[in-house]
Amino acid sequence: MFQLGSFLVRFKDKERLVINDIITFEDEQITELKTIALNYTKFEIQKIEKYGVDLSYLNERQKQVIIDTKNSLIHGKTNDELLDDETVQVSLHGAERSLKRLGSNNQAQLIKLVERLKEVDIVLKGQFKGYPTLSYTTMKQQDQDEFKLPISFVRNRQFNRVIKIITVVPKVEAEDMEVSIAETNPAVAEMLEELKQRLKRN
């Protein structure tokens with residue numbers, strides 16, 4: 001028996017995946033996601049189709065659930081606390097913890113991302129990337145910078161929901177193009193390259 005918001009999809013190589021997310025999907029959306037999955041292997045949609053496949057729509061209730069869930073998870077915690085207890089995780093190719101251990105002064109970059117997460121209040125779209133949870137592109141209404149912040153609500157080791165910041169989409173890029181945090185910020189790119197070299201030496 002599946003929980004609310006859960007259903008099974010099959011990929012074209014017969015591999016199965018249970019979609020288990022925070023929203024309740026409409027029948028039309030379930031059919032759409034099953035159809036998308038049948039057009040790809042899991043590897044293809046996760047690795048080759050880098051930016052995922054857009055869901056044709058999210059209804060207003062679903063969008064509100066996404067914002068409300070985000071707000072409830074971060075409520076009452078400082079930016080540092082959200083990172084330290086991993087209520088908010090940042091996808092930097094697994095480098096976040098290493099950066100903390102190395103005492104990088106670029107922790108400020110992560111804090112800025114968490115602050116932006118706190119401010120987002122609208123949902124633009126959902127995307128299927130071959131994982132149990134969809135990616136939701138969010139932004140702050142009337143944001144001067146027009147930065148979009150795709151997030152996902154994943155399960156941690158204790159099976160609790162946490163927020164994963166996936167990428168940052170800047171105004172200067174093409175509308176549907178999502179670039180990594182490292183690509184968006186040269187300072188972060190340099191920091192990650194330095195980290196990579198240190199790890200190689202170790």
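Rules behind the numbers
- Residues numbered from 1 in each chain as written.
- Predicted model: local features only at pLDDT ≥ 70, side-chain atom pairs only at ≥ 80, totals over all residues.
- Heavy atoms only, no water.
- Helix = DSSP H or I, 4+ residues; strand = E, 2+ residues; numbered from the N terminus.
- Expected span 1.5 Å × (residues − 1).
- Buried < 20%, exposed > 50% of the residue type's maximum accessible area, 1.4 Å probe, protein only.
- Arc of directions from axis to C-beta.
- Contact = heavy atoms within 4.5 Å.
- Polar contact = N/O pair within 3.5 Å; in protein donor to acceptor, adjacent residues only side chain to side chain.

Draft legend 1. Quick look at helix H1 (residues 27-38). Between its terminal C-alpha atoms H1 stretches 17 Å, which fits the 16 Å expected from 12 residues at 1.5 Å a residue. Where H1 is concerned, the buried positions are Gln29, Ile30, Leu33, Ile36 and Ala37. Looking straight down H1, one finds that the buried residues subtend no more than 125° of arc, so they occupy a single side. Along H1, exposed side chains directed more than 90 degrees from the buried face belong to Asp27, Glu28 and Leu38. Those residues of H1 that are buried are in contact with strand E1 (6-10), helix H2 (42-48), strand E3 (53-54), helix H3 (60-74) and strand E5 (122-128).

Draft legend 2. Representation of the side chain of Thr87 within the structure. Position of Thr87 relative to the elements: it lies in the loop between helix H4 (79-84) and strand E4 (88-90). The exposure class assigned to Thr87 is buried, which follows from its relative accessible area of 8%. Within polar-contact distance, the side chain of Thr87 engages the side chain of Asp85 at 2.7 Å. In this view, Thr87 contacts Leu73, Lys77, Leu82, Val162 and Ile163; residues no more than four positions away in its chain are not counted.

Remember, this is a structural readout, not a statement about activity or role.
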